[in-house]
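Read off the chains here:
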Amino acid sequence: MTGQKSEGDRKHPVDETLPPLKMFTSGLQHVAAMYAGVVAPPMIVGPACGLSATETAFLMGASLFTAGIATLLQTLGFWKVGAKLPFVNGVSFAGVTPMVAIGKAQSPGNALPVIFGAVIVAGVLGFLVAPYFSKLVRFFPPVVTGTVITLIGVSLLPVAFNWSQGGNDRAPDYGSLTNIGMAALTFLIVLVLRRVLRGFLQQIAILLGLIAGTLIAIPVGITTFSALSEASPVGFPTPFHFGAPQFDIAAIVSMCIVMLVCMTESTADMLALGRIVGRPADERTIEGGLRADTLGTALSPLFNGFANSAFAQNIGLVAMTKVRSRYVVATGGLILIVLGLCPVAASVISLVPLPVLGGAGIVLFGSVAASGIQTLASAAMEKGDNALIVAAAVGIGLIPIAAPDFYHHLPKDLLVVLDSGISTGCLVAIVLNLAFNHFGRKTADGDAADAATADDPVAVGPGAPEPAAAPAH
């Protein structure tokens, strides 16, 4: 009667489309936040496989292109593929060490084909097991998800600190006053913009801060234009540019382990993002998200890309800007595809100096950790042994961050899992939650504590509170 839509007719913010300018700038902000993370793995793997600077640049463009495809699979989806959340996908860092090891074990001409063959098999196997892996969501009550989300943010902060110092610890200016000063200035610019701006401009404060920091960095002398001058206007990632995939058993086993690690981290990321956007990720959502991850991974080698997984830094951007539309991130995916097809455009994004990106990254990654703390606030920490679970899981999860060489005497195959604080912390939290809150324990009413809460697959056992409305962000 009043012309207003009923509550049931209103679109969830995740499914809303925004005006074109807002859609583009918000999507570009996501690309700016993830760009360095996408191009870093091929920058490491390429030289390890004996590639020249030109071939490594080609590999970087391919990674941008395949990240865009994987992001579209995740945000738009089809059939039972895609979480349909504002979820960004890109090259996973978890695979860098195994891929470098594979590259060094092979002759230069065979290194990338063997890597691509292993990635294809790992992606296909991951796609097949996704429906079964997604059932693990019932073991992620708030005491587990809050711990993992906090570890995601804390694990990313050293990346921001490294960027703030210059990104290359072998460079003579690494950690210089100039680099740290630019990072601090960008950090302050972002905070001021978030405080004084309103509406849409406040939502793109990170992008504005990156632009302002880059402009200031030009006279300071830390912005380089060499990549822009050397880039080609057009460059399509030719399928199997480095040769047809080859299938080596040892390489396949190694990449399958990486795929399981990626799926574990993506599950945690989807749970985190679902809470932030107010659409908790259920088993079906996680199944679709894992299918998108693994399908994107299986398709990536066709265009000379690597294994793809969730980019946690963009979760912080969603939490900070409150822009929850998945179509914004899909726009970012389209931008990534364009960057992969147009090296000149990609070079424009690369003009942002790492210290500037590091200053903004501190705010972004800190926002993820803050979301995890907010989730832990609802995890009934005063009951049972939940505080002990969090203490142990966070402690174990921080080992790779605080003491990177802690596991250096262990077999290298184990390091794929152990060097990821997110994975180890997640596994410890799940095991301890089962041990303390399920097996052999009784509730106050005498019921078995391992009876799952049917209404909320994410809140299981006494480690989880009663289902409540998701916190507003």
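Residues numbered from 1 in each chain as written. Predicted model: local features only at pLDDT ≥ 70, side-chain atom pairs only at ≥ 80, totals over all residues. Heavy atoms only, no water.

## Structural notes on the overall build of the protein chain
- Counting its regular elements, the protein chain contains 19 helices and 2 strands.
- Residues classed as buried in the protein chain amount to 54% of the 473 residues present.
- In the protein chain, once contacts between residues fewer than 6 apart in sequence are set aside, the share between residues at least 24 apart is 82%.
- Here the protein chain has roughly 20100 Å² of accessible surface; of this, 66% comes from carbon and sulfur atoms. (Helix = DSSP H or I, 4+ residues; strand = E, 2+ residues; numbered from the N terminus. Buried < 20%, exposed > 50% of the residue type's maximum accessible area, 1.4 Å probe, protein only. Contact = heavy atoms within 4.5 Å. Areas by Shrake-Rupley, 256 points an atom, 1.4 Å probe, with all protein chains shown as cover.)

## With respect to the nonpolar core
- Counting residues in each nonpolar core, the largest one holds 104 residues, and the members touching the most others are L112, I115, I152, I206, M255 and F306.
- When residues in this core are grouped by element, the largest group, 15 residues, is from helix α10 (residues 249-277).
- Beyond its immediate chain neighbours, meaning those up to four positions away, I206 contacts Q29, V190, L317, M320, A360 and L364. (Core = buried A, V, L, I, M, F, W, Y, C linked by side-chain atoms within 4.5 Å.)

## As for a nonpolar patch on the surface
- There is a patch of nonpolar side chains on the surface, built from V124, L125, L128, V129 and Y132 and spanning about 480 Å² of accessible area.
- Secondary-structure assignment places V129 in helix α4 (residues 108-133).
- Judged by relative accessible area, which is 35%, V129 ranks as partly exposed. (Patch = residues over 30% accessible without salt bridge, like charges linked within 9 Å, V, L, I, M, F, W, Y side chains within 5 Å. Salt bridge = Lys/Arg side-chain N within 4 Å of Asp/Glu carboxyl O.)

## Regarding the packing of aromatic side chains
- Counted by the stated rule, this structure contains 4 aromatic pairs.
- Ring geometry for F65 and F303: centres 5.2 Å apart, planes at 65 degrees, overall edge-to-face. Placement of the pair is F65 in helix α2 (residues 53-75) and F303 in the loop between α11 (283-299) and β2 (308-310), with a sequence separation of 238 residues. Side by side, F65 and F303 carry an identical accessibility label, which is buried.
- For R291, the ring lying beneath its charged end belongs to F127, and the centroid distance is 5.7 Å. (Phe/Tyr/Trp six-rings, centres within 6.5 Å; stacked < 30°, edge-to-face > 60°. Lys NZ or Arg CZ within 6 Å of the ring centre and 35° of its normal.)

## So, the pattern of salt bridges
- Counted by the stated rule, this structure contains 4 salt bridges.
- A salt bridge links D15 to R279, with the shortest nitrogen-to-oxygen separation between them at 2.5 Å. Residue D15 is found in the segment before α1 (20-48), and its partner R279 is found in the loop between α10 and α11; the two are separated by 264 residues along the sequence.
- Note that R291 and E287 form a salt bridge whose closest N and O atoms lie 2.5 Å from each other. Taken as a pair, R291 and E287 lie in helix α11 at a separation of 4 residues, close to a single helical turn.
- Accessibility expressed as a relative area gives 8% for R291, which makes it buried.

## Things to note about helix α19 (residues 421-437)
- An ideal rise of 1.5 Å per residue puts 24 Å on 17 residues; α19 measures up with 23 Å between its terminal C-alpha atoms.
- Judged by how many residues are buried, α19 sits mostly within the fold: 12 of 17 residues are covered.
- Taken together, the buried positions of α19 are occupied by G421, I422, S423, T424, G425, C426, A429, I430, L432, N433, L434 and N437. (Expected span 1.5 Å × (residues − 1).)

## Describing the confidence of the model for the protein chain
- Predicted confidence across the protein chain gives a mean pLDDT of 79, with 85% of residues reaching 70 or more.
- The element-level mean pLDDT for the protein chain is lowest in helix α9 (residues 226-230), coming to 62, with helix α6 (residues 177-196) highest at 92.
- Of the regions scoring below 50 in pLDDT, residues 443-473 engages in 63 contacts with residues more than four places distant in sequence or in other chains. (pLDDT = per-residue confidence, 0-100.)

## Focus: the packing of α6 against helix α8 (residues 205-220)
- At their nearest, the axes of α6 and α8 sit 9 Å apart, and the two run at 145 degrees to each other. Once α6 is placed against α8, the crossing between them reads as right-handed. Where α6 approaches α8, its residues T178, M182, L185, T186, I189, V190, L193 and R194 are matched on the opposing element by A205, I206, L208, G209, A212, G213, I216, A217 and V220.
- Residue classes in the contact of α6 with α8 are distributed as 12 nonpolar, 4 polar and 1 charged. (Axes fitted to C-alpha atoms, helices over the stretch in contact; angles between N-to-C directions. Left-handed = near helix turned anticlockwise from the far one by under 90°. Nonpolar A, V, L, I, M, F, W, Y, C, P; charged D, E, K, R; others polar.)

## Re the packing of helix α5 (residues 142-165) against α19
- Two numbers describe how α5 lies on α19: the axes approach to 9 Å, and their chain directions differ by 165 degrees. On the basis of the axis angle, α5 is roughly antiparallel to α19. Handedness of the crossing formed by α5 with α19: right-handed. In contact with V143, V144, T147, V148, L151, I152 and S155 of α5, α19 contributes G421, I422, G425, C426, A429, I430 and N433.
- Of the residues that constitute the contact of α5 with α19, the class distribution is 9 nonpolar, 5 polar and no charged. (Parallel < 35°, antiparallel > 145°, perpendicular 65-115°, else oblique.)

## Concerning the side chain of T285
- Here T285 shows up in helix α11.
- Of the residues examined, T285 reaches a relative accessible area of 17% and is grouped as buried.
- A polar atom in the side chain of T285 sits 2.8 Å from the side chain of D282.
- In contact with T285, not counting residues within four places along its chain, are A83, L85 and M270. (Polar contact = N/O pair within 3.5 Å; in protein donor to acceptor, adjacent residues only side chain to side chain.)

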